[in-house]
Amino acid sequence: MPLPIDPSMATMGAEWQLPGVSGVGSDVPGAAGAGESAGGQGFGDMLANQVQNLQGLQSDAAQQSTALATGQAADPSQVVMAVERARLGMQLASQIRTKLVEAQQDVFHTQV
């Protein structure tokens, strides 16, 4: 016996619409194209910005570490915090890369 369809589980209402995202059945005026946000920034641009941010964290940590080693740093705890931010950012980037590679492998192994 099939289960009855519950109309409260519908995902077509306005509360389910994401601002700036168009899709099938989307009637949001001025919505950006698929893959781009309202600001016109796509996934690739966002990813490039985050890699640049990570590079900034790495270079800031290196500069502060050099300043600490040469005796120019006034607060060693700030140096430790900068190095830790860079380390955590690198771990996050590594985990995201691993998940993306796994997802790509799953797509390639999917039988059509």
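Data block above holds the structure.
Residues numbered from 1 in each chain as written. Predicted model: local features only at pLDDT ≥ 70, side-chain atom pairs only at ≥ 80, totals over all residues. Heavy atoms only, no water.

Colleague: Quick question: what am I supposed to make of the overall build of the chain here?
Modeller: The helix and strand tally for the chain stands at 2 helices and 0 strands. Looking at the chain as a whole, 9% of its 112 residues are labelled buried. Sequence separation of 24 or more characterises 22% of the internal contacts of the chain that already satisfy a separation of 6 or more. Roughly 9,200 Å² of accessible area belongs to the chain as shown, and the carbon and sulfur atoms make up 62% of that amount. (Helix = DSSP H or I, 4+ residues; strand = E, 2+ residues; numbered from the N terminus. Buried < 20%, exposed > 50% of the residue type's maximum accessible area, 1.4 Å probe, protein only. Contact = heavy atoms within 4.5 Å. Areas by Shrake-Rupley, 256 points an atom, 1.4 Å probe, with all protein chains shown as cover.)

Colleague: When you look at helix H2 (residues 76-109) in this model, what are you seeing that I'm missing?
Modeller: Since the α-helix packs 3.6 residues into each turn, any two residues three or four apart lie on the same face. Taking 1.5 Å of rise per residue, the 34 residues of H2 would be expected to cover 50 Å, and the 50 Å separating its terminal C-alpha atoms lies within 8% of that figure. Along H2, the residues classified as buried are Val 79, Ala 82, Ala 86 and Gly 89. Residues of H2 that are buried sit in contact with helix H1 (43-69). (Expected span 1.5 Å × (residues − 1).)

Colleague: Looking at this model, I keep getting lost on the pattern of salt bridges. Mind explaining?
Modeller: Between side chains of opposite charge, a pair can form when the charged atoms approach closely. Under the defined criterion, the tally for this structure stands at 1 salt bridge. A salt bridge links Arg 87 to Glu 84; its shortest N-O distance comes to 2.3 Å. Here the residue Arg 87 and the residue Glu 84 both occupy positions in helix H2, the gap between them amounting to 3 residues, near one helical turn. (Salt bridge = Lys/Arg side-chain N within 4 Å of Asp/Glu carboxyl O.)

Colleague: Would you explain the packing of H1 against H2 in this entry?
Modeller: When two helices pack together, you describe them by how their axes are tilted relative to each other and by the distance separating the axes. Taken N-terminus to C-terminus, the directions of H1 and H2 make an angle of 150 degrees; their axes are 8 Å apart at the nearest point. Classified by the interaxial angle, the pair formed by H1 and H2 is roughly antiparallel. Relative to H2, the crossing made by H1 is left-handed. Across from Leu 54, Leu 57, Gln 58, Asp 60, Ala 61, Gln 64, Ser 65 and Leu 68 in H1, the residues of H2 making contact are Pro 76, Gln 78, Val 79, Ala 82, Val 83, Arg 85, Ala 86, Gly 89, Met 90 and Ala 93. Counted by class, the contact of H1 with H2 contains 11 nonpolar, 5 polar and 2 charged residues. (Axes fitted to C-alpha atoms, helices over the stretch in contact; angles between N-to-C directions. Parallel < 35°, antiparallel > 145°, perpendicular 65-115°, else oblique. Left-handed = near helix turned anticlockwise from the far one by under 90°. Nonpolar A, V, L, I, M, F, W, Y, C, P; charged D, E, K, R; others polar.)

Colleague: What should I look at first to understand H1 in this one?
Modeller: The first and last C-alpha atoms of H1 sit 39 Å apart over 27 residues, in line with the 39 Å expected at 1.5 Å per residue. Taken together, the buried positions of H1 are occupied by Leu 54, Ala 61 and Ala 67. Of the surrounding elements, those touching the buried residues of H1 are H2. Taken from the residues just after H1, Gly 71 is the one with a positive phi, measuring 85 degrees.

Colleague: Please explain a nonpolar patch on the surface as it appears in this structure.
Modeller: Together, Phe 43, Met 46, Leu 47 and Val 51 line one region of the surface with nonpolar side chains, adding up to about 360 Å² of accessible area. Here Met 46 lies in helix H1. (Patch = residues over 30% accessible without salt bridge, like charges linked within 9 Å, V, L, I, M, F, W, Y side chains within 5 Å.)

Colleague: Is there a simple way to explain the environment of Leu 68 in this structure?
Modeller: Within the fold, Leu 68 resides in helix H1. Residues Leu 68 and Gln 78 lie 10 residues apart in sequence; the distance between their C-alpha atoms is 9.9 Å. Residue contacts for Leu 68: discarding those within four places in its chain leaves Ala 73, Pro 76 and Val 79.

All quantities given are derived from atomic positions and should not be read as evidence of function.
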